[in-house]
Structure formats: structure tokens, C-alpha cells
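Chain by chain, the residues run as shown.
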Amino acid sequence: MAATNESTGARQGRAAAGTAAFFAEVVGTFMLVFAGTAAVLATQRLDPSEGFGVVDDVAIALAFAFGILAAVYTVAEISGAHINPAVTIALAAVGRFPWRVVPAYVLAQLIGGLLAGLMNWLMFGDSARELALGGTQPGEGVSWWTALATEIVITAVLLVVVMATAVFERAPGAGTVSGLAIGLWVGAAVLLALPVSGASLNPARTLGPDIIAWSFPSWWIYVVGPVVGAIAGAALWTLLLERGDKQVVESMGADDDD
């Protein structure tokens, strides 16, 4: 009977943890998507001139960086702070996350993106739907393949950062620094890719606002690009970079000196 009770308690504990992880992914994804997409809409309201200026680009990049930093620190200990379907799928593809949990995480992330889109609509009104509630699309004159390649590359680098800091905790300070490292790269990626692809790196960041606005400009780029890039980045780390060891390299140099 004791063994049975322990088994039941363990199952209940896992169920509670799974539920908490699901809602943590909803909250974390909402924080990220809302921070960035609301900044897109806010800059346009403050400066309604056509297009985005340098100051606007910097403000949007900082909003995404701060949003993901806060989200990682808030939910990392509960769900691992994937807050991105591409991250979840890539970690599963390299054996760092169970495939059976992927659908629940992706659903939670999409819900978070949808809630962010709804909040944007509430804050900025129907006029914001003309900008797809802060959604992404290729820049003017940018071909679909250029936007796709951009999304693949910037998301691949994101996964290298995630693998190095959050999964393998190789950064100084281990997991404590992972949110900062990830936030810095997301901010940099948004700043450099915003006029090219819109800098999504995250299907939930694009699909959530798109669905609420019911506007889907080149939506497939922001599903295929981040997922392919994320898997490539995770594979690159797992197959090549994981084996690197600074101490070994330094010892090789010491051997050469001898």
C-alpha cells in the first residue's frame, strides 16, 4: 500500500509539474512577444512617419532583449524557458527534450503569442491591425529567400547560445548568465535583421499576432526558417562545439612551448 501511495503521489507530482511548466511557457512566451511587438506598435504611434528609423530599431531590439531576459529569469526554473517552438523542436531533435512533451510546449507557446496579439489589439486598437499587431514580414524589396536565409542563420546562432549557456551551462556563472546571453543575441539579431526579415526567430512571435490580426504576410518563412535554423544550430553545437574544451586547448599550447 505504501508503494502504491508513493507511486500515486509521484504521478500527481509529475502532473502538477507538467501543468506548471505548460503555464510557465504561456507566461514566458507572452512576456517575450508582448514586449517586442508592443514596442513595434508603440514606436509607430510615437513616430507615425513611414518606416522605422534608427532610434525605432534600437528601441524594438532593446524591448525584445529585455523581454526575453525577464521571461527566462521568470520561468526558467519551471519550464526551462523555451518560449519558442523552434527551440523546443530543436532540443527534441538532438535528444535534449522528450518528443512526447513537444506538442504541449508548442501549444503553450502559441497561446502565449495569441494572448500578446490580443493585448496589442486592446492597447492600440484596430489601427494596429494594419501592422499585423506587430507581426513580421520581409522588408520592402527583400526577396523571400533572403528573408528565409536570414531567419535560418539568426535562429541557428540563437540555438548555439542556448546550448552553450542554458543547456550545457558553460558560461561563467552557469545558468545565471543564460538569460543575459540569450537576450543579448536576440537584441542583436533584431537590430541587424529587422529591415530584412523582421527578425522573428520564433514562430509564436509571428503567428500569434498574425492570427489575431488575421493577416499572414509570408507566414511560412517564420515557421520554416526558425525551425530549420534552430535544428541546425543545435546540431552544430552537439556534433562539433560540444567537444571543445578551453583547458585542453590551453594545455596544447603549453605542450608546444615545451
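Let us look at the structure shown here. Along each chain, residues carry numbers from 1 onward, in the same order as the chain's sequence is written. Totals for whole chains, interfaces and linings use all residues, but because this is a predicted model, local features are given only for residues with pLDDT of at least 70 and pairs of side-chain atoms are given and counted only at 80 or more. Calculation of side-chain values draws on the structure's entire complement of heavy atoms; hydrogens and water are dropped beforehand.

1. A look at the packing of helix H5 (residues 144-167) against helix H8 (residues 221-239)
- Interaxial distance between H5 and H8 falls to 6 Å at its minimum, and their mutual angle equals 40°. In this view, H5 runs oblique relative to H8, as classed from their interaxial angle. Seen along the crossing, H5 lies across H8 with a hand that is right-handed. Axis angles are defined between N-to-C directions and span 0 to 180 degrees, where every axis is a line fitted to C-alpha atoms and, for a helix, only to the segment in contact. Helix numbers and strand numbers start at the N terminus; a helix is a DSSP run of H or I with at least 4 residues, a strand a run of E with at least 2. Our angle categories are set so that under 35 degrees counts as roughly parallel, over 145 as roughly antiparallel, 65 to 115 as roughly perpendicular, and the remainder as oblique. Crossing chirality is assigned from the near helix's rotation relative to the far helix, an anticlockwise turn below a right angle marking it left-handed and a clockwise turn marking it right-handed.

2. Here's the deal with the packing of aromatic side chains
- When the centres of two rings from Phe, Tyr and Trp lie within 6.5 Å, Trp using its six-membered ring, the rings pair. Their planes under 30 degrees apart give stacked, over 60 give edge-to-face, and anything left gives tilted. Tallying each qualifying case throughout the model produces five aromatic pairs.
- With a centroid separation of 5.1 Å and 80° between ring planes, the pair formed by Trp214 and Phe216 is classed as edge-to-face.
- Burial classes follow relative accessibility: with a 1.4 Å probe on protein chains only, a residue under 20% of its type's maximum area counts as buried, one over 50% as exposed, and anything between as partly exposed. The exposed category is assigned to Trp214, whose relative accessible area is 63%.
- When its relative accessible area of 33% is taken as the criterion, Phe216 is described as partly exposed.
- In this scheme, Lys NZ or Arg CZ marks a charge over a ring once it lies within 6 Å of the ring centre and within 35 degrees of the ring normal. The ring of Trp121 has Arg129 sitting right over it, with the charged end atom 4.8 Å from the ring centre.

3. Quick word on the packing of helix H4 (residues 102-124) against helix H7 (residues 203-213)
- Following both chains from N to C, one finds H4 and H7 inclined at 50°, their axes separated by 7 Å at the closest point. By the angle between their directions, the pair H4 and H7 is classed as oblique. The two elements H4 and H7 cross, and the hand of that crossing is right-handed. On the side of H4, the interface is formed by Gln109, Leu110, Gly113, Leu114, Gly117, Leu118 and Trp121, while H7 contributes Ala204, Leu207, Gly208, Pro209, Ile211 and Ile212.
- Following the grouping adopted for this structure description, the nonpolar residues are Ala, Val, Leu, Ile, Met, Phe, Trp, Tyr, Cys and Pro, the charged ones are Asp, Glu, Lys and Arg, and the polar ones are all others, Gly among them. By residue class, the composition of the contact of H4 with H7 is nine nonpolar, four polar and no charged. Should any heavy atoms of two residues lie within 4.5 Å, those residues are considered in contact.

4. Digging into H7
- The element H7 is largely enclosed, with a buried count of 10 among its 11 residues.
- Pairs of N or O atoms within 3.5 Å make up the polar contacts considered here, provided that, within protein, one atom can donate a hydrogen while the other can accept it, and that residues adjacent in sequence are counted only when both atoms are side-chain atoms. Residue Asn202 occupies the N-cap position of H7, its side-chain oxygen lying 2.9 Å from the main-chain nitrogen of Ala204.
- After H7 finishes, the residue Trp214 shows a positive phi value of roughly 50°.

5. A closer look at unusual backbone geometry
- Positioned with a positive phi, Ile83 is a non-glycine residue whose angle comes to about 40°.
- Assignment of secondary structure puts Ile83 in the loop between helix H2 (54-79) and helix H3 (85-93).
- In this structure, Leu133 takes a positive phi of about 55° despite not being glycine.
- Mapped onto the elements of the fold, Leu133 is located in the loop between H4 and H5.
- Overall, Leu133 belongs to the buried group, its relative accessible area being 0%.

6. Regarding the environment of Thr88
- Here Thr88 lies in helix H3.
- For the pair Thr88 and Ala230, spaced 142 residues apart in the sequence, the C-alpha separation amounts to 9.0 Å.
- Once you skip the residues sitting within four places of it in the chain, Thr88 turns out to touch His82, Phe97, Val102, Tyr105 and Gln109.

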